[in-house]
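# Chain and residue survey
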Amino acid sequence: MRMNRRDFLKVSAGSSGSLVLALSLPGCASIETGYEEEDGSWRPDAWLELTTGGAVYFTLARVEMGQGTYTGLTTLIAEELEVDPASITPTFAPVAAEYRNPLYKLQLTGGSTSLATSWEPLRQAGAEAREMLILAAARVWGVNHRECTAFEGQVRHPNGADALPYGKLVKLAASEEVRHDVALKPRDQWRYIGKNRGRLDATAKSTGTAEYGIDVELPGMVYAVVTRPPRYGARVKSFNGADIETMPGVLSVIEIERGVAIVASKYWLARKAQQQLIVEWNNDDAVTLSTADVFALYHHAADEDAGERERSDGSFSEAAENAERVVEASYEQPYLAHATLEPMNATAWYRDNAMEVWAPTQAPDLGRIAAARVSDLSPGDVTINTTFLGGGFGRRLTQDYIEEAAAVAYRIRKPVKVIWSREEDTRHDLFRPAMLHRMKASVSGKTVTGWHHQVVGPQVLDWYVRNAAPAQYPWSPKFLYNTLGKVGLLAEGIATPKDISAIEGAIDYPYDIANVEVRHTHTDPGVPITWWRSVGYSHNGFAAETFMDELAHETGADPYEFRRGLIRNQPRHLAVLDKVAAMADWQGGAPSGRARGLALFQSFGTFVAQIIEASIEHGNIVVHKVWCAVDCGQVVNPEIVRDQIEGGIIFGLTAALHGEITLVDGEVQQSNFHDYMLMRNYERPEVLVNIAESSEAPTGIGEPGVPPVFPALGNALFALTGKRQRALPLNAEVG
Amino acid sequence: MALSLTVNGERRTLEVDLDTPLLWVIRDELGLKGTKFGCGAGLCGACTVHLDGQPVRSCSTPVEVAQDKSVTTIEGLGTETKLHPLQKAWVEHGVPQCGYCQSGQIMSAAHLLEHNPSPAREDIVAALSGNLCRCGTYSRIIAAVESVVDGSTSAANRQEGA
């Protein structure tokens, strides 16, 4: 539907250089479709823009952080539009209702949902635009449109000789009726989906020309660094601002909600001045726990409170009563940082009663809320320009770094870029929660009759809802934001989806055991947390698949045969399990001095089985080989799937071998890559990935490679040493 | 203080504090954004450039050290229309995921190949183990470098001065 021009207040230049108009209702921005005479451009829908010059722009509503949306989603729309994906120019979406992730009712990229939720709508959008172009060409020629075909950016005449390029048709196509019943291309006619055609962003990312948030440059821009409290929740009491303001290059020193910001003409001058800044903190509301206190709290909570029952099949208590024995084990996992290689940063400019923000963000509509909170603006006055992201992994779902830039920009009225140091990025992260798992199984003879999993720890949405709930209702007055946050939590399942971040991967325990009970003891130590590549699955996967290994050992079964016997009714689980066993020749065993471990785990709709071969050399765990069988439904780009799985395995191994954030009196002890280590090239194992052929709808791929790594490697170490790994990171000297 | 250095073949004179890390001069004074800030401590390699032909961590190299010297950044190695063979290999092998570390990876690899045109796998791994990749693209990085070494990247003819 075409809107009246007077309905539009905001006009901003899209990155394509053409104008993108947004509806005036704050937060209800809507993308105008139709033909724009001035630019010679036609927007058939919110995603596509075709120009008379033959250019095709695609608005990418799921950000590119390495996971491949830039290529994958462009491929979907290109397939149906009948153009080469490489001829399309993707642009990053502004905030608009059309670009919301339908699963979250928010414009965010996460949960390995981008491809799954775009699979139908983007192909449909491409098909509808193609059909309108065909109708236009048929009208020009006076032929039956059913006899015309579209191919490589042209409509072909039924005579086989004549053709009209899309550019010549866009104006005419715009006045054709939109048809929503256009059939999608059958699978055997796909030209781009399922083929290896490289990444569309590879050249820009290999020549240094891809623009990340940290690369944004504005006229007259200044720089700011922020000193934040060492203990989360502390407040500024006093600081030596007057001393700092006299330092070279310093323009101002200002207190913001999150700490003290030093604004300077150059980044380095701000950093140098920061070394002289002395802040006294009010620690009344600060976190003062140490890591041991966190786990003591969890154990205490687990003793006191059996937790909310999240799944109950049969009766575990009866099974336990009637069983010969009950096996128990508990598992602990530490806080983990995200360590995106591009540190947190954002650039903001407040002028003319509006704010413009440039940032690498996974959730631009939450970024608007964060900027509105710290200024006199409403979300509709805030424009978020998203860039390439130098890694995301869930970190950039939280908008604290946009909030800081906006707070400073609001005060100084100049364009300002806030850059976090690596040390700040590590210490002031919101972490993958530390968790405790208590597992019990009832066993009679060689049969497991019951499974009991008690998950102990916080849930992420409690921390996230502060900006997420208002983002769902951006027209609501700001004084209601905090209320909305609380209501959002209370009305779980209505305003916000039920938060399963603590129990995902536990409640969907797949094995064929009659009595299964899963409980969540909800306890939050107050340490800031957020999503982290595979979140709940990462800790529940370790607990569940290590305990499965313990039970195999307990019943004297081979870990592969044990799982196989209990998964016969789950064909996709069974298929990847059998596949990985064949790939690694499981029965053949490991070479001398090495051992193998196995894990099978479903997350984000994707089935993954892994076998890891490891040894211990000079007191260090060495990972030699990882075999991985994956079923993620229909594959859009096989190489990107392979990369995401391999990248996920490296991500998991990094955490399994090195990952641990510890607290002493509330202060994070790690700071940079010497004490929060990432896997390096020389540590890299050989990774062999097999992707199942499937015509099922595509499922997630960015995260599912991660969870099985922890148990597969831990189980390998058990096979090697006979000592069970029940805490992460894994320890060569466990005993 | 005035300081002169050559960047990608061009002589530049700047007014800058001499203790400023070379990285921020390259990025913010010269506007070459391809060189990245990752850790500020020489641990991740995202900021790798060549200083008189040697790879250095520009985040922890004071610009004073570069006085009257020659700096090569990723922009000086090749461009989108005239790719260096390594960049070509990076594209053909689809190496980058988030891409943030790749300028540094390529600069480290370029230095290796200048000094050792036929490195063994261990040499490549050793030369690139100072460059972190959070996305885990290591195996593709190795494959891309090896394709340049064995000439299997299309048009792998090495450029002069690269």
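Cut-offs used in this document
Residues numbered from 1 in each chain as written. Chains lettered and ligands numbered in written order. Predicted model: local features only at pLDDT ≥ 70, side-chain atom pairs only at ≥ 80, totals over all residues. Helix = DSSP H or I, 4+ residues; strand = E, 2+ residues; numbered from the N terminus. Rg over C-alpha atoms; globule rule 2.2 N^0.38 Å. Buried ≥ 20, exposed ≤ 12 C-beta atoms within 10 Å, placed from the backbone. Contact = placed C-beta atoms within 7 Å. Pairing = 2+ DSSP bridges. Axes fitted to C-alpha atoms, helices over the stretch in contact; angles between N-to-C directions. Nonpolar A, V, L, I, M, F, W, Y, C, P; charged D, E, K, R; others polar. Domains from an automatic or database assignment. Expected span 1.5 Å × (residues − 1). Arc of directions from axis to C-beta. Left-handed = near helix turned anticlockwise from the far one by under 90°.

## A look at the overall build of chain B
In terms of regular secondary structure, chain B is built from six helices and five strands. Counting helices and strands in the order they occur from the N terminus, chain B gives β-β-α-β-β-β-α-α-α-α-α. Relative to a compact globule of 162 residues, whose C-alpha radius of gyration would be 15 Å, chain B shows 15 Å and is just as compact. Taking the principal axes of the C-alpha coordinates as reference, chain B spans close to 50 × 30 × 25 Å. Buried residues in chain B amount to 55% of all 162 residues. In chain B, once contacts between residues fewer than 6 apart in sequence are set aside, the share between residues at least 24 apart is 58%.

## As for the overall build of chain A
Looking only at helices and strands, chain A has 18 helices and 30 strands in total. Taking 735 residues into account, the globule formula puts the C-alpha radius of gyration at 27 Å, and chain A, at 27 Å, falls close to it. Referenced to the eigenvectors of the C-alpha coordinate spread, the extents of chain A come out at roughly 80 × 75 × 50 Å. For chain A, contacts bridging at least 24 residues in sequence account for 76% of all contacts bridging at least 6.

## So, the sheet that holds strand 19 (residues 354–359) of chain A
All names here are of chain A. The strand order across the open sheet built from seven strands is 13-14-11-21-18-19-20, with neighbouring strands paired in mixed fashion. Strand pairing shows two members of the sheet lacking a second neighbour, strand 13 (250–256) and strand 20 (382–386), which therefore form its edges. Adjacent strand axes in the sheet meet at a mean angle of 20 degrees, parallel and antiparallel pairs treated alike. Relative to strand 21 (residues 416–419), strand 18 (residues 345–351) runs antiparallel, the two being bridged by four bridges. In the strand pairing of strand 21, alanine 346 is matched with valine 418. Contacts from helix 9 (residues 364–373) reach strand 18, strand 19 and strand 20, with the element oriented near 135 degrees to strand 20. Helix 10 (residues 400–412) contacts strand 11 (222–227), strand 13, strand 14 (259–264), strand 18, strand 19 and strand 21 of the sheet and is inclined by roughly 30 degrees relative to strand 18.

## Here's the deal with the environment of A:Leu269
All names here are of chain A. Mapped onto the elements, leucine 269 comes out in helix 6 (residues 267–274). Exposure remark for leucine 269: the 22 C-beta atoms within 10 Å place this residue in the buried category. Between the alpha carbons of leucine 269 and valine 250 there is a distance of 7.0 Å; along the sequence they are 19 residues apart. With near-sequence residues (within four places) excluded, leucine 269 lies in contact with Pro248, Gly249, Val250 and Ala264.

## Points about the interface of chain B and chain A
The interface of chain B with chain A comprises 45 residues on the first partner and 46 residues on the second. Per-class residue counts for the side of chain B that touches chain A are 22 nonpolar, 17 polar and six charged.

## Quick notes on the domain arrangement of chain B
Residues and elements named next belong to chain B. Domain parsing of chain B yields domain 1 (2–77) and domain 2 (85–149). The distance between the C-alpha centroids of domain 1 and domain 2 comes to 21 Å. Domain 1 puts 13 residues into the contact, and the matching count from domain 2 is 13 residues. Counting only elements with at least two residues in the side of domain 1 that touches domain 2, the list comes to strand 3 (48–51) and helix 2 (74–77). Looking at the side of domain 1 that touches domain 2 residue by residue, the class counts come to seven nonpolar, five polar and one charged.

## Considering the sheet that holds strand 3 of chain B
Residue and element names in this part refer to chain B. In spatial order, the strands read 2-1-5-3-4; together these five strands make up an open sheet with mixed pairing. Because the sheet does not close on itself, it has two edges, and the strands there are strand 2 (10–15) and strand 4 (54–57). Within this sheet the neighbouring strands show an average axis-to-axis angle of 40 degrees, counted without direction. Across six bridges, the pairing between strand 1 (residues 2–7) and strand 2 is antiparallel. Looking at the pairing, leucine 3 lines up with leucine 14 of strand 2. Packed onto the sheet, helix 4 (residues 102–115) meets strand 3 and strand 4 and runs at close to 35 degrees relative to strand 3.

## A look at the domain arrangement of chain A
Residue and element names in this part refer to chain A. Each domain of chain A was delimited in the assignment, giving domain 1 (35–195), domain 2 (213–284 + 344–419) and domain 3 (292–335 + 432–460 + 499–721). Once you take the C-alpha centre of each, domain 1 and domain 2 turn out to be 38 Å apart. With twelve residues of domain 1 in contact, the opposing surface of domain 2 contributes 16 residues. Split by residue class, the side of domain 1 that touches domain 2 holds seven nonpolar, four polar and one charged.

## Side note on the environment of A:Glu550
Here A:Glu550 lies in helix 14 (residues 535–554). Ignoring any residue separated from it by four or fewer positions in sequence, one finds A:Glu550 in contact with A:Val327, A:Ala329 and A:Arg724.

## Let's talk about the pairing of strand 22 (residues 435–444) of chain A
All names here are of chain A. The buried count for strand 22 comes to seven of ten residues, which makes it a mostly enclosed element. Where strand 17 (residues 325–333) and strand 22 come together, nine bridges link them in antiparallel fashion. By the bridge assignment, valine 326 is partnered in strand 22 with serine 442. Alignment of strand 22 against strand 23 (residues 447–457), held across nine bridges, turns out to be antiparallel.

## Examining helix 7 (residues 291–304) of chain A
Given 3.6 residues per turn, any residue in an α-helix points the same way as the ones three and four places further on. Residues and elements named next belong to chain A. Under the 1.5 Å per step criterion, the end-to-end length of helix 7 is 20 Å for 14 residues, consistent within 8% with the ideal 20 Å. Among all positions in helix 7, only Val294, Tyr298 and Ala302 are buried. Here the buried residues of helix 7 occupy an arc of 70 degrees about the axis, which is enough to place them on one side. Along helix 7, the residues that are exposed and aim more than 90 degrees away from the buried face are Ala292, His300, Asp303 and Glu304. Its buried side turned inward, helix 7 meets strand 22, strand 23 and strand 24 (515–522).

## Describing helix 5 (residues 121–128) of chain B
Residue and element names in this part refer to chain B. Where helix 5 is concerned, the buried positions are Ile124, Ala127 and Leu128. Buried residues of helix 5, seen end-on, are gathered within an arc of 90 degrees and therefore sit on one face of the element. Considering only its buried residues, helix 5 is in contact with helix 4 and helix 6 (138–149).

## Side note on the packing of helix 9 of chain A against helix 10 of chain A
Residues and elements named next belong to chain A. The N-to-C vectors of helix 9 and helix 10 enclose an angle of 35 degrees; their axes lie 8 Å apart at closest approach. The chirality of how helix 9 crosses helix 10 is right-handed. Taking contact as the criterion, the partners of Gly367, Ala370, Ala371 and Arg373 in helix 9 are, on helix 10, Ile402, Glu403 and Ala406. Its residues assigned to classes, the contact of helix 9 with helix 10 shows four nonpolar, one polar and two charged.

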